[in-house]
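Observations on the model geometry
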Amino acid sequence: MRARFPDFRLGNVLATSFTGTLTERRGNAVERIPTPQRLVDWLAVNGLAVESCTTAQLELAWELRESIHAAATAAAIQDALPASAVQVINDCSIQGRAAAILTPEGNRRWRLSSASCVEDALGVIAADAISIIAGERDGKLALCASPTCQAAFFDTSQSRTRRWCDMNTCGNRQKKARFNANKRTNR
Ligand SMILES: [Zn+2]
């Protein structure tokens, strides 16, 4: 029987979907890519399919993820970017050799240099992180209002007033907490 792992949270922004593979960083953290195979699964869902992944490659992925999280958090609160995080992001970006491919249907697809090249996939994620942290894309980095989460997310709402990294989880929980608090005071 296959072990059950926490589901992935899917977003529209590759870099913050990736940092969202570890949630509740300020509470009881949930690791959503605990094994190399789960990273393979996550990459496939995000258009970066690889055939295999080693433990060392998973560890590199975690390192990149936490570096993106640290840099994106600093950018969201307009703090100086941590130098070590910037270094890891840049190293991953430089190492990646993925090519953007335009399909006949007009879509972009990534072609990795080999089927087992997790580093190429991480390079694409690092480049995506660079584009949002550098402020090149239409949107704004912000931190989730949930005290146990505080994930950095990319707000593309028109008013730029989104409060939660994910409406279905953090947003919903907050709504329920408020509802229960109201019930208590009305009693
Ligand atoms: Zn959140």
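Residues numbered from 1 in each chain as written. Predicted model: local features only at pLDDT ≥ 70, side-chain atom pairs only at ≥ 80, totals over all residues. Heavy atoms only, no water.

**Quick look at the coordination of the zinc ion**
Binding of the zinc ion to the protein goes through C144 (SG), C149 (SG), C165 (SG) and C170 (SG), at separations of 2.3 to 2.4 Å. Coordination at the zinc ion is tetrahedral, judged from the four donor atoms that bind it and the angles of 106 to 118 degrees they form at the metal. The sequence pattern describing where the donors of the zinc ion fall on their chain is C-x4-C-x15-C-x4-C. Residue C144 is located in the loop between β5 (140–143) and β6 (152–155), and its partner C165 is located in the loop between β6 and α6 (167–186); the two are separated by 21 residues in the primary sequence. Relative accessible area serves as the criterion here: at 4%, C144 is assigned to the buried category. You can call C165 buried: its relative accessible area is 18%. (Donors = N, O, S within 2.8 Å, 3.2 Å for Na, K, Ca; no water. Tetrahedral: all angles 85-135°; square planar, octahedral: opposite > 155°, others 65-115°. Helix = DSSP H or I, 4+ residues; strand = E, 2+ residues; numbered from the N terminus. Buried < 20%, exposed > 50% of the residue type's maximum accessible area, 1.4 Å probe, protein only.)

**A closer look at the pairing of β6**
Alternating positions in β6 separate into two faces, A152 and F154 on one and F153 and D155 on the other, with burial throughout. As defined by bridge partners, β5 adjoins β6 across four bridges and the pair is classed as antiparallel. Directly across from K140, in β6, lies its bridge partner D155. (Pairing = 2+ DSSP bridges.)

**Describing the pattern of salt bridges**
Using the criterion set out here, one finds six salt bridges in the structure. As a salt-bridge pair, E31 and R65 come within 2.8 Å of each other at their nearest N and O atoms. One end of the pair, E31, is in strand β2 (residues 30–31); the other, R65, is in helix α3 (residues 55–76), with 34 residues separating them in the sequence. Assessed through its relative accessible area of 2%, R65 is described here as buried. Each of R25, E31, R65 and E66 takes part in one network of salt bridges that share partners. (Salt bridge = Lys/Arg side-chain N within 4 Å of Asp/Glu carboxyl O.)

**Section: the side chain of T73**
One can find T73 in helix α3. You can call T73 buried: its relative accessible area is 16%. The residues contacting T73, other than those within four sequence positions of it, are L143 and A152. (Contact = heavy atoms within 4.5 Å.)

**A short note on the layout of surface pockets**
The space that makes up the largest pocket amounts to roughly 450 Å³. Together, 25 residues line the largest pocket, and G11, F153, R162, C165 and D166 are the ones closest to its centre. Counting residues per element, the ones that place at least two in the lining of the largest pocket are α1 (14–19), β1 (22–23), β6 and α6. Its residues assigned to classes, the lining of the largest pocket shows 11 nonpolar, nine polar and five charged. (1 Å grid on protein atoms, 1.4 Å probe; cavity = no way out; pocket = protein on both sides within 12 Å on 5 of 7 lines; lining within 4 Å. Points joined across faces, edges and corners; volume = space filled by probe spheres on them. Nonpolar A, V, L, I, M, F, W, Y, C, P; charged D, E, K, R; others polar.)

**Topic: α3**
Each α-helix winds once per 3.6 residues, and so residues spaced three or four apart point in a common direction. With 22 residues, α3 extends 31 Å between its outermost C-alpha atoms, agreeing within 8% with the 32 Å of an ideal straight helix rising 1.5 Å per residue. Directly beyond the C-terminal end of α3, a positive phi value near 55 degrees is found at Q78. (Expected span 1.5 Å × (residues − 1).)

**Digging into helix α4 (residues 83–95)**
Here α4 contains 13 residues, and its C-alpha end-to-end distance of 18 Å stays within 8% of the 18 Å for a straight helix at 1.5 Å per residue. Taken residue by residue, α4 has A85, V88, I89 and C92 as its buried positions. Across the axial projection of α4, the buried residues extend over an arc of 95 degrees, all falling on one side. Among the exposed residues of α4, those pointing more than 90 degrees away from its buried face are A83 and I94. Each element contacted by the buried residues of α4 is listed here: α3 and α5 (118–133). (Arc of directions from axis to C-beta.)

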